[in-house]
Structure formats: C-alpha cells, structure tokens
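# Structural overview
This is what each chain is made of:
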Amino acid sequence: MRLLACLAATALVALAVPAAAQEDYPDGPITLVVPFSAGGPTDTVTRLIAEPMSRELGEQIVVQNISGAGGTLAATQVANAAPDGYTILIHHIGMSTAPTLYRNLPYNPLEDFETIGLVTEVPMTIIARKDFEPETLQELIDYVKANQDTVTYANAGIGAASHLCGMLFMDAIDTQLTTVPYQGTGPALTDLLGGQVDFMCDQTTNTTGQIQAGEVKAYAVTTGERLESLPDLPTTAEAGLGEFQIGVWHGLYAPAGTPEPIIEKLTAALQTALKDENVVEQFAELGTTPVPQDQATPEGHTEKLASQIELWRPIIQEAGVYAD
Ligand code: MLT
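First, a word on scope: everything that follows refers to the structure included in this document. Computed from a predicted model, the values in this text were never measured in an experiment.

## A few points about the pattern of salt bridges
One pass over the structure, following the stated rule, counts ten salt bridges. Among the ionic pairs, aspartate 43 bridges to arginine 47, the shortest N-O distance being 2.9 Å. With a gap of four residues between them, aspartate 43 and arginine 47 both fall in helix α3 (residues 41-57), about one helical turn apart. Across the pair aspartate 198 and arginine 129 runs a salt bridge, and its minimum N-O distance is 2.9 Å. One end of the pair, aspartate 198, is in the loop between α8 (185-193) and β7 (199-203); the other, arginine 129, is in strand β4 (residues 113-129), and 69 residues separate them in sequence. Several salt bridges share partner residues, and in doing so they unite Glu51, Arg55 and Asp276 into one network.

Right, here's the structure in full:
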C-alpha cells in the first residue's frame, strides 16, 4: 500500500510540473524565504548568495523574510508551497533542532523537503551591551550567577541559533536566566545596542562589525579556534568554558517533490555563488566560510541534517526545553 501511495504521489508531482516546465526552469522570479527578520545573520548570508545565484539562473531571486516561532513558521509555509522550484527556503541549524524542540512541529525536515545544498558554517560570539559590567567570560559567568534574577539574555526565538547557544551556556554554568525572544537577530541586536537587554550569543556575520567598532562587549568565540577577523577574541575553551562549542550551518531547501532537474539547477547555482569572489571576500570579513563544493550538494546536506537531528535530540531532551 505504501509503495502504491508513493508511486501515486510521484506521478502527481510529475503531472504538477510538466517536463517542459522543468526544462525551461527557471522562467520567472524565484522566492527565497528567510525564516528570520531582515538584518540578521541568516538574512545577511542569503542576500550575499542571492545575487550570484540569480546571475547563474538568469532569473531574479527575491528574498522574503517570514519570521516567527524560531524559523518554523517560514519552514511550514515552504513545506506546503508548490514543488515547482519557485519557492525555496534557507534555514540554519534550527532545522535540525526543531523536531525535538517543538512538540507539534507541522513538518518533518527529512521528509517534507528536498535538500539543495549546504551554504556556510558560521561561528558564534558571546557579546553584551557595551556598558555591561563583566569584562571577561569568567566575570560574566560569576556576574550572571550572582544576578540570576535580573540579567536578561536575548535570542531570536525558540530554535534560533541564539536560543541554542544560550541554552548550552546556561546548562554549562548551571544557571537559568530570563530570556527575551525576538523575531531575529536584527531586532535583538538593536535592543542590545540600545541597552534594553544585557547579553546574547550570535553569529559572527552580524556581530563582527559591532565588535570591531567597539559597539558591544565581546567575551568569546564559540569555536575551537580563534578567528582571523577577531584575533584578540579568545575561544570559549581559552576563556574558561571547557568544551562549550557551537557553530551554525545554513542550507537551502525546496518543498518535497520538487523535480530533480530543478534541484540540480539550484544546486549548480549555489555552487557557483559559493565560488563568487565577492561572496568569498565578504564571508571572510564576517568570519564565516563557504562550505566545500561537495557539501553544497543534496547528499552532503541531507547527511548533515540527519546527523545534526541525532546530535541535538539528547542535548535538548536533557535541557528539557520545549515549545508548542
Ligand atoms: C538565530 O539566532 O538563529 C539567527 O541569528 C536568527 C537570524 O538570522 O536573525
């Protein structure tokens, strides 16, 4: 029965996107949905790759921000979009954590999407408003432990990378803090700069410039190695937080059933974008790196997604953090 259902679904998709349409693809603008608000790290990465991808595809890629519920709102919409290659999604590590974090997630990341390819790996940084008292990571830890009831931690919603980083941080120092959720890093960072929240952890794509300009206080980078773009910033291990590490990865998705020839064209455009001189240069300035070409593929992406779902499940279950 399952096989018959599967064959019927495949036939329906083939009918939905006729062969000629697959050959002519793309024949109009493509909407690339960003699951967080404009001005955040996911948005920054997207806008950088959208231009060379458009050039390669010969059609415009229109970036659309649909924020909310840690990126799950946008993912739900794209999972339900027509599988014709004209609506695609970029998402980050949150795609792999949502199945455990959300009790009623309306999609299955591995079944309801076709993977197009991984995009980039981004380190995170622990930062605070510039007049926040602690000067070092150890001082920050001591301070938040002593002021647990008043310190505020900003994040971009449950399942956002900033939420995961905060969750790991609180777990590592065994202290629960008040978290303030936003629709993305854009608005969270604005409030941090304005002094409305105390500290956060987010991707170098958006924090590098602020750290370099001295607009925020920076304590550590969450990867094993220091960054060329922020050489004075210690790693979390160097700054006294043991094995605490987190890096964010991004990938491109299409709704399940999008025909293979269309996915192939999108993958080829992604691979071209990741070799683009401007993209490589801008990524380096923002402390991030494009993935190797063999990872910018559906196979590399699916493997990463599946292994990350397994990696995060026990961590989230142990932390006991869930959303509806
Ligand atoms: C996150 O915390 O997941 C991201 O920074 C959200 C965003 O891209 O705005």
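Structure's up, so let's keep going.
## Remarks on the environment of leucine 89
Its place among the elements puts leucine 89 in strand β3 (residues 87-91). Leucine 89 sits eleven residues away from valine 78 along the chain, and the two C-alpha atoms are 6.5 Å apart. With residues near it in sequence (within four places) discarded, leucine 89 still touches Leu32, Val33, Pro35, Ala74, Ala75, Val78, Met95, Phe113, Gly251, Leu252 and Tyr253.

## Brief notes about the state of the cysteines
Where two cysteines share a covalent bond between their sulfur atoms, that bond is called a disulfide. Inspection of the entire model under this criterion finds one disulfide. Disulfide pairing is shown between cysteine 165 and cysteine 201; the S-S distance is 2.1 Å. Disulfide cysteine 165-cysteine 201: the torsion about the S-S bond is 75°, which places it as right-handed. Separated by 36 residues along the polypeptide, cysteine 165 in helix α7 (residues 161-173) and cysteine 201 in strand β7 bring together distant segments of the chain. By relative accessible area, which is 1% here, cysteine 165 ends up buried.

## Here's the deal with the site of the ligand
In the vicinity of the ligand, 13 residues are found, and the nearest of them are Thr42, His92, Ala161, Ser162 and Thr185. The separation between an oxygen atom of the ligand and a polar side-chain atom of aspartate 202 is 3.0 Å. Protein burial of the ligand: of its 270 Å² of free accessible surface, 100% is covered by the chains. Elements represented by at least two residues in the shell around the ligand include exactly α3, α7 and β7. In terms of residue class, the shell around the ligand is built from five nonpolar, seven polar and one charged.

## Topic: the nonpolar core
Here is a general trend for soluble globular proteins: nonpolar side chains tend to be buried in one another's company. Of all hydrophobic cores here, the largest spans 97 residues; its most connected members are Leu137, Phe169 and Phe199. Per element, the largest residue contribution to this core is nine residues, and it comes from β4. Two domains share this core, each providing at least three of its residues, namely domain 1 (22-122 + 248-319) and domain 2 (123-221). When neighbours within four sequence positions are excluded, leucine 137 is seen to be in contact with Ile126, Phe169, Tyr219, Ala220, Thr236, Ala239 and Leu241.

Criteria and thresholds
Residues numbered from 1 in each chain as written. Predicted model: local features only at pLDDT ≥ 70, side-chain atom pairs only at ≥ 80, totals over all residues. Heavy atoms only, no water. Salt bridge = Lys/Arg side-chain N within 4 Å of Asp/Glu carboxyl O. Helix = DSSP H or I, 4+ residues; strand = E, 2+ residues; numbered from the N terminus. Contact = heavy atoms within 4.5 Å. Disulfide = S-S within 2.5 Å. Buried < 20%, exposed > 50% of the residue type's maximum accessible area, 1.4 Å probe, protein only. Near = heavy atom within 4 Å. Polar contact = N/O pair within 3.5 Å; in protein donor to acceptor, adjacent residues only side chain to side chain. Areas by Shrake-Rupley, 256 points an atom, 1.4 Å probe, with all protein chains shown as cover. Nonpolar A, V, L, I, M, F, W, Y, C, P; charged D, E, K, R; others polar. Core = buried A, V, L, I, M, F, W, Y, C linked by side-chain atoms within 4.5 Å. Domains from an automatic or database assignment.

The quantities given are spatial measurements derived from coordinates; they are silent on function.
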